[in-house]
Amino acid sequence: MRWLWIDRFLDFQRGKSARALKNISLAEEYFADHFPGYPVMPAPLMVEGLAQTGGILVGEANDFREKVVLAKVPYARFHRDVVPGEQIVYDVEVLSLRPEGAVVQGKIFARGPGEKGNGELVVEAEIFFAHLDQARSQQIFGDRNFVFSGELKTALQHILPKGQNPPA
Amino acid sequence: MPTRDEIFTKVSETLVEALNVDADEVKPESTLQGDLGAESIDFLDIVFRLEREFGIKIPRGELFPESIFQGDPEFVKDGKVTEKGLSELRARMPFADISDFEKDPQVIKIGELFTVELITRYVEIKVKEAAANPQSAPQGA
């Protein structure tokens, strides 16, 4: 399976906001090294999951026609470690969406086993996406949309909320 | 209507956020690329932030034109912008002060036109336009 850091979307408001869930399992390979005897989820992977949630939100707003790529993380703040057994919720809101790209405000909440409610705010970040210029990216990559392709499309059919259209 | 000083202050704050520079590095004459280290993607980030901050609409390529001199081979000769090219520049960027540039219009120095002052002047014009035509303001601004 592709590098996908989302288990399921909880909510999806086209072009506006999305919430997605990830279960953090000790069986995930990176915990063996990060760190031996002290497993914490690597911060860049949390940003990646947040960017995937935001990237799918931004991509869907244009029916997955654009090649949405992460261009910049203007800031990211990490308030505490996330550990195995927790669930994290990526909470993403679109700040700007234009033909050239988009910006989202992202938050991650973490919830331990049995905890109710939204959980504790652990990460705040702003993420900037560019739409790869159609004309130029076609010369380089051809017609194929390499961002929203293959396994990701199939996975989206399963993890998007019911009634939400996956990429055609 | 904000004064020019107020606009400059907000433009500076925007650049501090977008480029991760210190506030005291941002002076009117600072160039975005040379002094403040802006890269191509930062220009788009700056445009998005200015739109949100000032509630204005910045059409693609208006503040930061991508290829002014590619339209006509007569715009540039031997690495210098021709008189025709300078006219094009004035037409496309009426908010730019090209009085220094036109003394030695080497095309590679075009980036030096893009200063904090230029953005401030541009925003001032757009804010006035938006005040004159409230309907044209972007939704949600």
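Residues numbered from 1 in each chain as written. Chains lettered and ligands numbered in written order. Predicted model: local features only at pLDDT ≥ 70, side-chain atom pairs only at ≥ 80, totals over all residues.

### What to know about the overall build of chain A
Counting secondary structure elements, chain A contains 3 helices and 6 strands. Per-residue burial for chain A yields a buried fraction of 32% across its 168 residues. Excluding contacts between residues fewer than 6 apart, the proportion of contacts in chain A whose partners are at least 24 apart in sequence is 67%. (Helix = DSSP H or I, 4+ residues; strand = E, 2+ residues; numbered from the N terminus. Buried ≥ 20, exposed ≤ 12 C-beta atoms within 10 Å, placed from the backbone. Contact = placed C-beta atoms within 7 Å.)

### A short note on the interface of chain A and chain B
Taken residue by residue, the interface counts 11 residues in chain A and 9 residues in chain B. Elements supplying a minimum of two residues to the side of chain A that touches chain B: β3 (68-78), β4 (87-98), β5 (101-111) and β6 (120-131) of chain A. Tallying contributions element by element places β3 of chain A first for the side of chain A that touches chain B, with 3 residues.

### Quick notes on the nonpolar core
Formed by 59 residues in total, the largest nonpolar core has its most connected members in L50 and I108 of chain A together with V123 of chain B. Ranked by residues supplied to this core, first place goes to helix α1 (residues 43-61) of chain A with 7 residues. Setting aside chain neighbours within four positions, we find L50 of chain A in contact with Y90, V92, G106, I108, V123, A125 and I127 of chain A. (Core = buried A, V, L, I, M, F, W, Y, C linked by C-beta atoms within 7 Å.)

### Brief notes about the domain arrangement of chain B
All names here are of chain B. Its domain assignment divides chain B into domain 1 (1-64 + 114-141) and domain 2 (65-111). On the domain 2 side, the residues contacting the 10 residues of domain 1 number 5 residues. Per-class residue counts for the side of domain 1 that touches domain 2 are 5 nonpolar, 4 polar and 1 charged. (Domains from an automatic or database assignment. Nonpolar A, V, L, I, M, F, W, Y, C, P; charged D, E, K, R; others polar.)

### A closer look at the pairing of β6 of chain A
All names here are of chain A. When β3 meets β6, the two strands line up antiparallel, connected through 8 bridges. By the bridge assignment for β6, V69 is matched with A130. The sheet contact formed by β5 and β6 spans 10 bridges and is antiparallel. Bridge pairing in β6 links G106 to A125. (Pairing = 2+ DSSP bridges.)

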